Amino acid sequence: MDDISLAAQDPPRSSRKRRLAPVPRGQVNTVKQGRMYPFTGIDNLGLLMEDDTYQPVCFSIYLFKTTLDYRTVREFFEVLLQLYPKYRYLVDFDPYSASGRDKKKRKEQERLSKASPEEQEAYRQEVQEAAKVGRLPFNKGPRMWYSKSLKAGSWLRPAQWRIDDDFHVSENINVMSCGGTGDDAQLFRIAGRFLSRHFDFNKPVWEALLVQGLNTSEGGKSALMIKIHHSFSDGQGMIQSYHAALTALDKGMGIKEVQQWVDIAKSKEKAGKEIIKPTLMGTFFHSMHTLRELYFRKRKSFIYQNPRAGRSTQRLYCHSDGVSMENIKVIRNAFSTQPNRLTLNDVAIAILARAMHIAAEQLFSGNSDKRAAIFVPISRRPPGNWELYNFTTGGIAWLKYPDPRTTPLEDQLALVQREMLRLKRSYLPTIWFKTFDFICKRRLWYLPNYPGWHQFYYRAFSEYHVATNVPGPTEPVSFGRHKAYSYHVLPPSSPGKATMAIGMISYASDFSLAVSCDDVPEFQQVPEALCEAFQDSAMVMYEAAQRKLAASSS
């Protein structure tokens, strides 16, 4: 039986009745295993922003030169679910009646536990048949009347997480085959459609897609795509949970041992790094700069031809080939000076700024900007914290577009470093985090739900893209005997139309870019053009760094 048929015939069954894949060393994570608990304000914000054309999604894609099989994927998620129980929690939009519904369900389960085996089997078959014939309709969540966004929680209380005892991972895993001819373009189309598909709130808000039958330019035969609603966790928590589970399976370690091992490695990496503290003056200048750039300027490139058109419900996707991490370090070392030490993040953002300028000139000739507004996520996750929550805030950086033909690379890097220092010297990201965490616990105070305020916020939302730079695993990860040769991630885009989600990640010895944008005719070439410009920009800067180092040594 092929994997597609196997996945289709793998009926949803209770996790309590099924023998799951064994957890390494029998250890189960103790993080938040209660039956029900409320959203934080930032988690609830992830729900409040969603509407029919936008959903905040954290996305990952692993590529393999072997054919990853369905059983291996299912067993991985079975282990992940046991190590991180939140993966079987449902979003409960009505906090006032949630406890009553949960109590009623537990009574029904207690009644069934005392029933005869024949009655229990009949009940399970009835539930399965109801799902097959569509008596459990797709649940897109309750909506607000004016903004059409999700009605997350009550007016004064956030939504809640509620455990689903009968959920099994097979319900959230899909399999498809490209028949052995799936090239890069087809893979990117599949990823775009997968990103566009909204979650069914009858199930936990994560989903996996196993794509087989590929034949990509790099020799990829299969791919595993995973997406999680941003209300579930920030990208760091999501990536931590995946790779901790994979490491535990691969090395036969307990999950707590893996977590401690990673925490020690991170603390050593941060030791000795310069810490730049925010100041009141830095906060004032950053706030004024943000207000001026968001509301008194308007971008000209990467926009819809028809300004009145509604936002597309579909997404485009592309990722670049890998750039050697050693090349990135060479660029940093070559152009760093004693008073101004570049970071790897400065170099990555500078390559992105150069690539965006090239792509804008290529695709929007004569209508290009002088700068790009980029929302840079900033983590507030405490050291050693492995909870699946949102600890992310951020700030907006403006990446200037100097002419790459006439502006020295030292100046391009200096402009990026100055902008990143502006963020580090500002309390604004912290103020935003605490303000939205407080306000968004109460839907009553979410201003974009109201006329006037809706237009005010979406004026800003439409001005910036979201770009994240994530340190990934330093060694290739494996799903069973299948080693992922390539790995890419994406943050959620901005709620505003015509905005891009840009994900940069270091994986093993490579550094790569992934891009997603609205699927409209004028953007068809944007993801691929930006990825190609990123590759070219990295090579140009690396060759310049080599020449500079050679001149210095001679």
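Only a predicted model underlies this, so the values are computations on that prediction, with no experimental measurement involved. Residue positions within a chain follow its written sequence, with the count starting from 1. Local features in this predicted model are restricted to residues whose pLDDT is 70 or higher, and side-chain atom pairs enter the listing and the counts only when it is 80 or higher, whereas totals over whole chains, interfaces and linings include all residues. Values reported for side chains reflect all heavy atoms of the structure, with hydrogen atoms and water molecules removed beforehand.

### A few points about the packing of helix 10 (residues 325–335) against helix 11 (residues 344–363)
Okay, step 1: Each axis is a line fitted through C-alpha atoms, taken for helices only over the stretch in contact, and angles between the N-to-C directions span 0 to 180 degrees. A run of H or I in DSSP becomes a helix once it reaches four residues, and a run of E becomes a strand once it reaches two; helices and strands are each numbered from the N terminus. For the pair helix 10 and helix 11, interaxial distance at closest approach is 9 Å and the crossing angle is 100 degrees. The orientation of helix 10 relative to helix 11 falls into the category roughly perpendicular. Facing helix 10, whose interface residues are Met 325, Ile 328, Lys 329, Ile 331 and Arg 332, helix 11 presents Leu 344, Val 347 and Ile 351.
Okay, step 2: Note that Gly is not counted as nonpolar here; it falls among the polar residues with everything else outside the nonpolar set of Ala, Val, Leu, Ile, Met, Phe, Trp, Tyr, Cys and Pro and the charged set of Asp, Glu, Lys and Arg. Here the contact of helix 10 with helix 11 is built from residues that sort into six nonpolar, no polar and two charged. In what follows, roughly perpendicular refers to angles from 65 to 115 degrees, roughly parallel to angles under 35, roughly antiparallel to angles over 145, and oblique to any angle outside these ranges. We call two residues in contact whenever any of their non-hydrogen atoms come within 4.5 Å of each other.

### A few points about the sheet that holds strand 14 (residues 482–490)
Okay, step 1: Sheet architecture is open: six strands sit in the order 5-6-7-2-14-13, paired in mixed fashion. The strands lining the two open edges of the sheet, one partner per strand, are strand 5 (173–182) and strand 13 (478–479).
Okay, step 2: Contacting strand 2 (57–64), strand 5, strand 6 (206–214), strand 7 (222–229) and strand 14, helix 6 (residues 184–196) crosses the sheet at an angle of about 20 degrees to strand 7. Strand pairing is defined by DSSP finding a minimum of two bridges between the two strands.

### Structural notes on helix 7 (residues 235–251)
Okay, step 1: Compared with an ideal rise of 1.5 Å per residue, which puts 17 residues at 24 Å, helix 7 spans 24 Å between its outermost C-alpha atoms and is within 8% of the ideal.
Okay, step 2: The classification of residues rests on relative accessible area computed with a 1.4 Å probe and restricted to protein chains. Under 20% of the type maximum is buried, over 50% is exposed, and intermediate values are partly exposed. Considered for burial, the residues of helix 7 that qualify are Gly 237, Met 238, Ile 239, Gln 240, Ser 241, Tyr 242, His 243, Ala 244, Ala 245, Leu 246, Thr 247 and Ala 248.
Okay, step 3: Looking one or two residues beyond helix 7, the residue adopting positive phi is Gly 252, at roughly 65 degrees. The span one expects for a helix is its residue count, reduced by one, times 1.5 Å.

### Some remarks on the UniProt feature "domain: O-acyltransferase WSD1-like N-terminal" (unreviewed entry) in the protein chain
Okay, step 1: Under the feature "domain: O-acyltransferase WSD1-like N-terminal" (unreviewed entry), the UniProt entry names residues 147–251.
Okay, step 2: Between the first and last C-alpha atoms of residues 147–251 the distance is 49 Å; the span itself is 29% helix and 30% strand. UniProt positions are given in the numbering used here, feature names are shortened, and annotations may be inferred rather than shown by experiment.

### Comments concerning empty space enclosed by the protein
Okay, step 1: Grid points spaced at 1 Å over the protein atoms alone were grouped into cavities, where a 1.4 Å probe fits but cannot get out, and pockets, open sets with protein on both sides within 12 Å along at least five of seven lines, with lining residues defined by an atom within 4 Å of a point. Grid points are joined across faces, edges and corners, and a volume is the space filled by probe spheres set on the points. Scanning all chains against the criterion turns up six cavities of 30 Å³ or more.
Okay, step 2: Approximately 210 Å³ is the volume found for the largest cavity.
Okay, step 3: Taken together, 20 residues line the largest cavity, and the ones lying closest to its centre are Tyr 54, Gln 55, Leu 195, Arg 315 and Ser 493.
Okay, step 4: For the lining of the largest cavity, a count of residues per class yields eight nonpolar, eight polar and four charged.
Okay, step 5: A volume near 120 Å³ is recorded for the second largest cavity.
Okay, step 6: Sorting the residues of the lining of the second largest cavity by element identifies helix 11, strand 11 (392–400) and helix 12 (409–424) as the ones contributing at least two each.
Okay, step 7: Among the elements that make up the lining of the second largest cavity, the one with the highest residue count is helix 11 (four residues).

### Let's talk about a nonpolar patch on the surface
Okay, step 1: In this analysis, a patch consists of residues with relative accessible area above 30% that form no salt bridge, clustered at 9 Å for like charges and at 5 Å for the nonpolar side chains Val, Leu, Ile, Met, Phe, Trp and Tyr. The accessible surface values rely on the Shrake-Rupley method and a 1.4 Å probe; as for residues, cover is taken only from the protein chains in view. When a carboxyl oxygen of Asp or Glu lies within 4 Å of a side-chain nitrogen of Lys or Arg, that pair is called a salt bridge. A contiguous nonpolar surface patch, about 650 Å² in accessible area, is contributed by Tyr 96, Trp 155, Leu 156, Phe 438, Leu 444 and Trp 445.
Okay, step 2: Locating Tyr 96 in the fold gives a position in helix 4 (residues 95–114).

### Some points on unusual backbone geometry
Okay, step 1: The residue Ala 498 is not glycine, and still its phi comes out positive at about 65 degrees.
Okay, step 2: With respect to the element layout, Ala 498 can be found in the loop between strand 14 and strand 15 (501–507).
Okay, step 3: Its identity is not glycine, yet Ala 508 carries a phi of approximately 55 degrees, on the positive side.
Okay, step 4: The topology assignment puts Ala 508 in the loop between strand 15 and strand 16 (510–518).

### Observations concerning the UniProt feature "domain: O-acyltransferase WSD1 C-terminal" (unreviewed entry) in the protein chain
Okay, step 1: The sites that UniProt annotates as "domain: O-acyltransferase WSD1 C-terminal" (unreviewed entry) are residues 411–537.
Okay, step 2: For the annotated span residues 411–537, helix accounts for 37% and strand for 28% of the residues, and the straight-line distance between the end C-alpha atoms is 15 Å.

### Observations concerning the packing of helix 9 (residues 280–295) against helix 13 (residues 428–439)
Okay, step 1: The contact between helix 9 and helix 13 brings their axes to 9 Å, and the two run at 75 degrees. Here helix 13 runs roughly perpendicular to helix 9, going by the angle between their axes. Across the interface between the two elements, Thr 283, His 286, Ser 287 and Thr 290 from helix 9 touch Leu 428, Ile 431 and Trp 432 from helix 13.
Okay, step 2: Residues of the contact of helix 9 with helix 13, tallied by class, amount to three nonpolar, four polar and no charged.

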